[in-house]
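Here is how the chains run, residue by residue.
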Amino acid sequence: MKILGPCRDGEDVLLHICCAPDASYGVPAMQERFRVTGFFFNPNIHPGEEHARRLHATHRLQDFLPFPLEVGGGGEKEWDEAVRGLEGEPEKGRRCEACIRLRLRRTAETAKTLGIPAFCTVLTVSPKKDAAMVNRVGREEGERAGLLFIEADMKKCDGFRKSVEITKKLGIYRQNYCGCLPSLRYRKQIPR
Ligand code: SF4
């Protein structure tokens with residue numbers, strides 16, 4: 001993992017978790033330098049059964065790599081509103097920026113409530129995520145909340161390949177689409 005921005009070793013960090021595969025690399029990598037609390041908040045995931053499956057996989061990961069986890073609920077209506085009209089955007093486009101902003105905004109708000117001074121996300125483990133965009137959005141949301149967003153590119157240093165190896169070894173569920181209905185349709189090549 002490559003940390004790109006300012007940070008203090010040993011800092012308490014609220015780490016946004018989108019799924020167990022990305023967390024399988026991102027959590028231990030962050031734990032090498034910070035005191036990590038995970039935060040699962042993903043109103044983008046469709047359908048509800050898939051959301052439950054990914055949350056369950058994250059709890060299973062906790063059995064192997066212990067870390068405290070907060071779970072954020074709700075947000076589906078806000079998510080629908082945030083991405084309305086952007087359904088046809090490609091991955092890494094404007095829909096993804098709105099989706100990531102909503103999740104990082106809630107992460108920052110939750111960090112503030114918990115008295116945690118910094119936050120980050122494991123989203124950049126995925127090669128399908130634009131780390132520059134994720135870090136810019138995180139920085140903006142950090143400034144808005146008055147908290148430090150720790151900028152990172154977790155796919156550097158082979159983060160993605162390592163996450164595949166870890167989940168395979170532990171038998172942790174790996175999804176095959178990003179999460180929202182448009183990404184599921186794209187995966188299945190279903191016309192809108
Ligand atoms: S493709 Fe992924 S990041 Fe983009 S809007 Fe859908 S769930 Fe969010």
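Residues numbered from 1 in each chain as written. Predicted model: local features only at pLDDT ≥ 70, side-chain atom pairs only at ≥ 80, totals over all residues. Heavy atoms only, no water.

> Kindly report on helix 6 (residues 159–170), identifying the contributing residues and their values.
A rise of 1.5 Å per residue sets the reference length of helix 6, with its 12 residues, at 16 Å; its end C-alpha atoms lie 16 Å apart and thus fit the reference within 8%. If you check which residues of helix 6 are buried, you get Gly159, Ser163 and Thr167. Angular distribution of buried residues about the axis of helix 6 spans 65°; they occupy a single face of the element. What points out from helix 6, more than 90 degrees from its buried face, is the exposed set Lys168 and Lys169. Buried residues in helix 6 make contact with helix 1 (20–31). Residue glycine 171 follows helix 6 closely and has a positive phi angle near 70°. (Helix = DSSP H or I, 4+ residues; strand = E, 2+ residues; numbered from the N terminus. Expected span 1.5 Å × (residues − 1). Buried < 20%, exposed > 50% of the residue type's maximum accessible area, 1.4 Å probe, protein only. Arc of directions from axis to C-beta. Contact = heavy atoms within 4.5 Å.)

> Tell me about a negative patch on the surface, and please be specific about residues and values.
Residues Glu76, Glu78, Asp80 and Glu87 make up a contiguous surface patch of negative charge. Along the chain, glutamate 76 turns up in helix 3 (residues 76–83). Glutamate 76 sits in the partly exposed class, given a relative accessible area of 44%. (Patch = residues over 30% accessible without salt bridge, like charges linked within 9 Å, V, L, I, M, F, W, Y side chains within 5 Å. Areas by Shrake-Rupley, 256 points an atom, 1.4 Å probe, with all protein chains shown as cover. Salt bridge = Lys/Arg side-chain N within 4 Å of Asp/Glu carboxyl O. Lys, Arg positive; Asp, Glu negative; His and termini not counted. Charge placed at Lys NZ, Arg CZ, Asp CG, Glu CD.)

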